[in-house]
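For reference, the chains in residue letters:
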Amino acid sequence: WTSADQADWKTGLARLTASAGLPLRWIENPEWKKLCDRFLPKAKIPSPKVLTQRIIPGVLEGLKSSAREDCRGSEVTLQCDGW
């Protein structure tokens, strides 16, 4: 388990949390911890605080940067529906 594996692990946890709409405390679930200890013993599980204050914002910034790069030089239309 390398530091690159750990970084990918953290990114995956952030993406899973957001895409599945999981509550931020799911990461502390005892059954989840047992599963990780059994099958991924070298993976470090971040705390909810680290997940929300460092990992998710970092992944989000990467996604924003990628989207900006993909759209660079393109014409776009934005639409907003508000009340």
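It should be emphasised that the depicted structure is a prediction, and the values quoted were computed from it without experimental measurement.

S.K.: Is there a simple way to explain the overall build of the protein in this structure?
M.R.: For the protein, the count of helices and strands is three helices and zero strands. Reading the helices (α) and strands (β) of the protein from amino to carboxyl end gives α-α-α. Over its C-alpha atoms the protein spans a radius of gyration of 17 Å, topping by over 25% the 12 Å that the globule rule assigns to 83 residues. In terms of its C-alpha atoms, the protein occupies a principal-axis envelope of roughly 50 × 35 × 20 Å. Taken over 83 residues, the protein has a buried fraction of 18%. Within the protein, counting contacts between residues at least 6 apart in sequence, those at least 24 apart form 54% of the total. Split by element, the accessible area of the protein, about 6800 Å² in all, is 55% carbon and sulfur. Put simply, the protein has 13 plus and 10 minus side-chain charges, and the middle of one group is 10 Å from the middle of the other.

S.K.: For this particular structure, what's the right way to read the environment of Pro23?
M.R.: Examined against the element boundaries, Pro23 turns out to sit in the loop between helix H1 (3-20) and helix H2 (30-39). For the pair Pro23 and Leu63, spaced 40 residues apart in sequence, the C-alpha separation works out to 21 Å.

S.K.: Which parts of the structure should I look at to understand the nonpolar core?
M.R.: The nonpolar side chains of a soluble globular protein tend to be buried, and buried together. In terms of nonpolar packing, the biggest core is built from eleven residues, these being Trp9, Leu13, Ala14, Trp26, Ile27, Trp32, Cys36, Ala43, Leu51, Ile55 and Val59. Going through the elements one at a time, H1, H2 and helix H3 (48-71) are the ones with two or more residues in this core. If sequence neighbours within four positions are ignored, Leu13 has contacts with Trp26, Ile27, Trp32, Pro46 and Leu51.

S.K.: Would you take a moment to explain the pattern of salt bridges for this structure?
M.R.: When the charged atoms of two side chains with opposite charge come close together, those side chains can pair. A full pass over the atoms with the stated rule returns four salt bridges. The shortest N-O distance in the salt bridge between Arg25 and Glu28 comes to 2.7 Å. Among the ionic pairs, Arg68 bridges to Glu61, the shortest N-O distance being 3.8 Å.

S.K.: How should the environment of Asp8 be read in this particular structure?
M.R.: Residue placement: Asp8 occurs in helix H1. Expressed as a C-alpha distance, the spacing of Asp8 and Ser65, which sit 57 residues apart in the sequence, is 18 Å.

S.K.: How do you make sense of the packing of H1 against H3 when you look at a structure like this?
M.R.: Packing of H1 against H3 leaves a shortest axis separation of 9 Å and a crossing angle of 90 degrees. By the criterion of interaxial angle, the relationship of H1 to H3 is roughly perpendicular. Together, Lys10, Thr11, Leu13, Ala14, Arg15 and Thr17 of H1 and Leu51, Ile55, Ile56, Val59 and Leu63 of H3 make up the contact between the two elements.

S.K.: Can you help me understand the side chain of Thr17 in this one?
M.R.: With respect to the element layout, Thr17 can be found in helix H1. Looking at Thr17, the relative accessible area reads 3%, which means it is buried. Of note is the side chain of Thr17, whose polar atom sits 2.7 Å from the backbone oxygen of Leu13.

The rules behind each value
- Residues numbered from 1 in each chain as written.
- Predicted model: local features only at pLDDT ≥ 70, side-chain atom pairs only at ≥ 80, totals over all residues.
- Heavy atoms only, no water.
- Helix = DSSP H or I, 4+ residues; strand = E, 2+ residues; numbered from the N terminus.
- Rg over C-alpha atoms; globule rule 2.2 N^0.38 Å.
- Buried < 20%, exposed > 50% of the residue type's maximum accessible area, 1.4 Å probe, protein only.
- Contact = heavy atoms within 4.5 Å.
- Areas by Shrake-Rupley, 256 points an atom, 1.4 Å probe, with all protein chains shown as cover.
- Lys, Arg positive; Asp, Glu negative; His and termini not counted.
- Charge placed at Lys NZ, Arg CZ, Asp CG, Glu CD.
- Core = buried A, V, L, I, M, F, W, Y, C linked by side-chain atoms within 4.5 Å.
- Salt bridge = Lys/Arg side-chain N within 4 Å of Asp/Glu carboxyl O.
- Axes fitted to C-alpha atoms, helices over the stretch in contact; angles between N-to-C directions.
- Parallel < 35°, antiparallel > 145°, perpendicular 65-115°, else oblique.
- Polar contact = N/O pair within 3.5 Å; in protein donor to acceptor, adjacent residues only side chain to side chain.

By themselves, these figures tell us nothing about what the structure is for.
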